[in-house]
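# Notes for the structure review
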Amino acid sequence: DEWVARHEERRERRVGAAAPLLDAWDRFPAWARLAVVVALAALFPLLTESSYHERVGFNALYFALLALGLNVVVGYAGLLDLGYIAFFGFGAYVYALLSSNQFDLHLPTVASVPIVIVATAALGLLLGLPSRRLLGDYLAIVTLFFAQIFVTFTTNANRITPPGRDEPVDLTGGPNGISGVDAWSAFGLEAIEVETYFYIALVLAVLVLVGLHFLNESRTGRAWRALREDPLAAEAMTIPVNRLKLVAFAMGAGVAGLTGSLFAAQQIGVFPQNFEVP
């Protein structure tokens, strides 16, 4: 918080050859700066023929998407969520279940991805329920516990016996995960190459970034910032604190679920080791 508060002071003290360029860059409107960055990023796959470099670029973009979603919970609402990786994994597994041979379901992308987003947002809403009474380190411990439970569940959920059945059901593939996940496809086009997923991730990152920017500038965003600074004062000013916490968890989780589905499709599989705390 102190680092953010002293941003203007650091900008005024800029020195060196790059200082005029940085000052000129700051004078551009936000939409122009975003356009420049996106244009430069779009050129990246054209400058390399290495699939490894393209995969690194894709990894950077899906980490950026995860950071945007986590920023809703931690940055906007000020809720310390250490189990955010579990939402990412949940989205990846739900997409794998809907679009693979695990249960012989091969839903089209336009159907499976919305289901993933809604399901992950609902899970975020459920996990956000303890946040009505827990803050700070206590909430962090609960969310970290959720992340650990998720990995344990996916590792051992290959022998679950549901009520009414005598034989166990393989839900997650256990330690071996789920392979053969369908690629993203739409309008007769199928994403196969890493370069294609790079551009998909770039478009999604821009859309999520712009959407969250407008949300942050709305009444909800201002209420989140008030909640982050002082929950008691926000509640005294009739701000619906508990509802805002749940909305923050749900929206952040929805972004993570979207990212997880993209990750599963690009990797052509999901495995418990992808979502461990390290």
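This text goes with the structure placed above it.
Sequence positions are assigned chain by chain, starting from 1 and proceeding in written order. In view of the model being predicted, local features appear only for residues whose pLDDT reaches at least 70, and side-chain atom pairs are presented and counted only at 80 or more, with totals across whole chains, interfaces and linings using the full set of residues. As a rule here, side-chain values come from all non-hydrogen atoms in the structure, and water together with hydrogens is ignored.

Turning to the overall build of the chain, a few remarks are in order. A count of helices and strands for the chain gives 12 helices and 6 strands. The globule rule used here is 2.2 Å times the number of residues to the 0.38 power, and the radius of gyration it is set against is calculated over C-alpha atoms. Compactness check: the chain gives a C-alpha radius of gyration of 21 Å against a globular reference of 19 Å for 278 residues, within 12% of the reference. Referenced to the eigenvectors of the C-alpha coordinate spread, the extents of the chain come out at roughly 70 × 55 × 35 Å. Burial statistics for the chain: of 278 residues in total, 39% are counted as buried. Here, two residues are considered to be in contact whenever any of their heavy atoms come within 4.5 Å of each other. For the chain, restricting intrachain contacts to residue pairs at least 6 apart in sequence, the fraction spanning at least 24 positions comes to 68%. Each accessible area value is a Shrake-Rupley result obtained with a 1.4 Å probe; residue values ignore everything except the protein chains displayed when judging cover. Carbon together with sulfur atoms contributes 65% to the accessible area of the chain, which is approximately 15,600 Å² in total. Where helices and strands are cited, they refer to DSSP runs of H or I of at least four residues and of E of at least two residues respectively, numbered from the N terminus. In this scheme, a residue with accessible area under 20% of its type's maximum is buried, one over 50% is exposed, and one in between is partly exposed, where area comes from a 1.4 Å probe on protein chains only.

Two rings from Phe, Tyr or Trp (for Trp, the six-membered ring) form a pair when their centres sit within 6.5 Å of each other. Planes less than 30 degrees apart are called stacked, planes more than 60 degrees apart edge-to-face, and all others tilted. What the rule picks out here adds up to 17 aromatic pairs. Relative to Phe-263, the ring of Phe-88 lies with its centre 5.2 Å away and its plane at 55°, an arrangement referred to as tilted. Residue Phe-88 is located in helix α6 (residues 84-98), and its partner Phe-263 is located in helix α12 (residues 241-267); the two are separated by 175 residues in the primary sequence. Given the relative accessible area of 4%, Phe-263 is considered buried.

Further remarks concern the packing of helix α5 (residues 51-76) against α12. Fitting a line to C-alpha atoms yields each axis, with helices limited to the stretch in contact; the angle taken between N-to-C directions then spans 0 to 180 degrees. With their axes 7 Å apart at the nearest point, α5 and α12 run at an angle of 165° to one another. For the element pair α5 / α12, the angle class is roughly antiparallel. For α5 against α12, the interelement crossing comes out left-handed. The residues of α12 that touch α5, namely those facing Arg-55, Phe-58, Tyr-62, Leu-65, Leu-66, Gly-69, Val-72 and Val-73, are Ala-248, Phe-249, Met-251, Gly-252, Val-255, Ala-256, Thr-259, Leu-262, Phe-263, Gln-266 and Gln-267. Within the contact of α5 with α12, the residues separate by chemical class into 13 nonpolar, 5 polar and 1 charged. For classification, angles of less than 35 degrees are called roughly parallel, those exceeding 145 degrees roughly antiparallel, those between 65 and 115 degrees roughly perpendicular, and all remaining angles oblique. In this scheme the crossing of two helices becomes right-handed for a clockwise turn of the near helix relative to the far one and left-handed for an anticlockwise turn of less than a right angle. Under the scheme applied, nonpolar residues are Ala, Val, Leu, Ile, Met, Phe, Trp, Tyr, Cys and Pro; charged residues are Asp, Glu, Lys and Arg; polar residues are all the others, including Gly.

This brings us to the side chain of Ser-261. For Ser-261, the position within the fold is in helix α12. For Ser-261, the residues in contact, after removing those within four places along its chain, are Gly-91, Ala-92, Tyr-95, Val-113, Val-116 and Trp-184.

Now for the layout of surface pockets. Points on a 1 Å grid over protein atoms alone make up a cavity when a 1.4 Å probe fits among them but cannot get out, and a pocket when they form an open set with protein on both sides within 12 Å along at least five of seven lines; lining residues each have an atom within 4 Å of a point. Grid points are joined across faces, edges and corners, and a volume is the space filled by probe spheres set on the points. The calculated volume of the largest pocket comes to roughly 660 Å³. Around the largest pocket sit 20 residues that line it, and Ala-30, Arg-33, Leu-209, His-213 and Asn-216 are the ones nearest its centre. Of all the elements in the fold, those that place two or more residues in the lining of the largest pocket are α1 (2-5), α4 (30-43), α5 and α9 (194-216). Of the residues forming the lining of the largest pocket, the biggest block, 6 residues, is contributed by α9. Looking at the lining of the largest pocket residue by residue, the class counts come to 13 nonpolar, 5 polar and 2 charged.

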